[in-house]
Amino acid sequence: VAEFVEQAIEDYTSKRGNVFCIMNEPIVIIDCEITEDLRQARVFWSLPYEILLLEDTKINAAMRAKLVQYMQRILEERGGVLQGMVHTKMRMYFRPPTIRFVPAEGEILRRALHDWM
């Protein structure tokens, strides 16, 4: 599911604009958890790594938190477009889950940053 969401963001950004971008960089899909009945999926996302790694003099923790809130609101309001794109691609394999976007934090985000570096 995470790969399908990543592809949907990439496709949407290339064709329709930077809705799911911060400073012209798309958000990063880190992980996905799917319920046992395959009906629900929690997709963990992050601000672009380049933004997370900027020095505090350029973007402080409070600004990062505001950017996360801003993007979460966009995902809640407009994430249905991504849901539709994912469903279109997955429908041929099995019944796609309902996607809920969750900002990644704590250990899951540290692990993703460590793997990226």
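Above this note sits the structure.
Residues numbered from 1 in each chain as written. Predicted model: local features only at pLDDT ≥ 70, side-chain atom pairs only at ≥ 80, totals over all residues. Heavy atoms only, no water.

Student: How should the packing of helix α1 (residues 2-16) against helix α3 (residues 61-90) be read in this particular structure?
Tutor: Any two packed helices are characterised by the angle at which their axes cross and by the distance between the axes. Running from N to C, α1 and α3 point in directions that differ by 120°, and their axes come no closer than 9 Å. Here the hand of the crossing between α1 and α3 comes out right-handed. Facing α1, whose interface residues are Phe 4, Val 5, Gln 7, Ala 8, Ile 9, Asp 11, Tyr 12 and Arg 16, α3 presents Arg 78, Val 81, Leu 82, Met 85, Val 86, Lys 89 and Met 90. Each residue belonging to the contact of α1 with α3 can be placed in one class, and the counts come to 10 nonpolar, one polar and four charged. (Axes fitted to C-alpha atoms, helices over the stretch in contact; angles between N-to-C directions. Helix = DSSP H or I, 4+ residues; strand = E, 2+ residues; numbered from the N terminus. Left-handed = near helix turned anticlockwise from the far one by under 90°. Contact = heavy atoms within 4.5 Å. Nonpolar A, V, L, I, M, F, W, Y, C, P; charged D, E, K, R; others polar.)

Student: So what exactly am I meant to see when it comes to the pattern of salt bridges here?
Tutor: Note on pairing: side chains with opposite charge can pair once their charged atoms come close. Evaluated as defined, the whole model comprises three salt bridges. The residue Glu 33 makes a salt bridge to Arg 42 at a minimum N-O spacing of 2.9 Å. For Glu 107, the salt bridge goes to Arg 110, with nearest N and O atoms at 3.6 Å. A residue pair is termed a helical-turn pair when its members lie 3 or 4 positions apart in one helix, as Glu 107 and Arg 110 do in helix α4 (residues 107-116) at three residues. Residue Arg 110 is classed as exposed on the basis of its relative accessible area, which comes to 54%. (Salt bridge = Lys/Arg side-chain N within 4 Å of Asp/Glu carboxyl O. Buried < 20%, exposed > 50% of the residue type's maximum accessible area, 1.4 Å probe, protein only.)

Student: When you look at the pairing of strand β3 (residues 28-34) in this model, what are you seeing that I'm missing?
Tutor: Two faces make up the sheet, and in a regular strand the side chains alternate between them. Direction of pairing for β3 relative to strand β4 (residues 40-46): antiparallel, over a ladder of six bridges. Across the sheet, Ile 29 pairs through a bridge with Trp 45, a residue of β4. (Pairing = 2+ DSSP bridges.)

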